[in-house]
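# Survey of secondary and tertiary structure
Given next are the chains, with one letter for each unit.
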Amino acid sequence: MIPKLKTFLILLSIVLLLLLIPFVAMQFTNEVNWSLMDFIMAGILLFGTSLVFELVIRKVKSTKHRLLISGIILLLLFLLWAELAVGIFGSPLAGN
């Protein structure tokens, strides 16, 4: 199997496994109430972030720079996720 395709499939599998967590939780409790659009957005955010991490790992040679860039990417993911979920900044993207 082509290494890039193998990596792509591994990342996709991890994202799908992460999305199974809220899906299974929805079966047992009313506290988790995700719509189809919530799953789609979460999948796009997680998979897109994982692809950007993979790009950083392939292209950036310095470990210090990798960690710095990865930290910034992770911070941006958390901020965007929080904005979509509860609207911490009150932008038009807010989920409330």
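As a reminder, the structure under discussion sits directly above these lines.
First things first, this report covers the structure right here in the doc. (Residues numbered from 1 in each chain as written. Predicted model: local features only at pLDDT ≥ 70, side-chain atom pairs only at ≥ 80, totals over all residues. Heavy atoms only, no water.)

### Considering the packing of aromatic side chains
Applied cut-off: Classification of ring pairs uses Phe, Tyr and Trp, with its six-membered ring standing for Trp, and accepts pairs whose centres are within 6.5 Å; under 30 degrees between planes counts as stacked, over 60 as edge-to-face, and the remaining range as tilted. For helices the rule is a DSSP run of H or I covering at least 4 residues; for strands it is a run of E covering at least 2, with both sets numbered from the N terminus onward. Think of it in three bands: with a 1.4 Å probe and only protein chains considered, a residue is buried below 20% of the maximum accessible area for its type, exposed above 50%, and partly exposed in between.
With the rule as written, the count across this model stands at 3 aromatic pairs. Taken together, a centroid distance of 6.3 Å and an interplanar angle of 70° make the contact between Phe23 and Phe39 edge-to-face. Taken together, the positions of Phe23 in helix H1 (residues 3–28) and Phe39 in helix H2 (residues 36–59) put the pair 16 residues apart, joining distant regions of the chain. Residue class for Phe23 comes out partly exposed when judged on its relative accessible area of 41%. Pairwise contacts between aromatic rings join Phe23, Trp34 and Phe39 into one cluster.

### Topic: a nonpolar patch on the surface
Note the following rule: A patch consists of residues whose relative accessible area exceeds 30% and which take part in no salt bridge; residues with like charges are grouped when within 9 Å of each other, and nonpolar side chains (Val, Leu, Ile, Met, Phe, Trp, Tyr) when within 5 Å. Areas reported as accessible are Shrake-Rupley estimates using a 1.4 Å probe. Residue values count occlusion only from the protein chains shown. By definition, a salt bridge exists where a carboxyl oxygen of Asp or Glu is found within 4 Å of a side-chain nitrogen of Lys or Arg.
A cluster of nonpolar side chains, Leu68, Ile72, Leu75, Leu76, Leu79, Val86, Ile88 and Phe89, forms an exposed patch at the surface whose accessible area comes to about 780 Å². Accessibility expressed as a relative area gives 45% for Ile88, which makes it partly exposed.

### Thoughts on the environment of Lys59
For Lys59, the position within the fold is in helix H2. Note: C-alpha distance between Lys59 and Leu19 (40 residues apart in sequence) is 28 Å.

### Some details on helix H3 (residues 63–86)
Defined as follows: Expected helix span is given by 1.5 Å per residue-to-residue step, counting one fewer step than there are residues. The criterion used for residue contact is that any of the two residues' heavy atoms lie within 4.5 Å.
Between its terminal C-alpha atoms H3 stretches 34 Å, which fits the 34 Å expected from 24 residues at 1.5 Å a residue. Within H3, burial applies to Ser70, Ile73, Leu77 and Glu83. In this fold, the buried residues of H3 make contact with H2. Just beyond H3, the residue with positive phi is Gly87, at close to 75°.

### Some details on the environment of Leu55
Within the fold, Leu55 resides in helix H2. For Leu55, a relative accessible area of 48% translates into the label partly exposed. Separated by 15 residues in sequence, Leu55 and Ile40 place their C-alpha atoms 22 Å apart.

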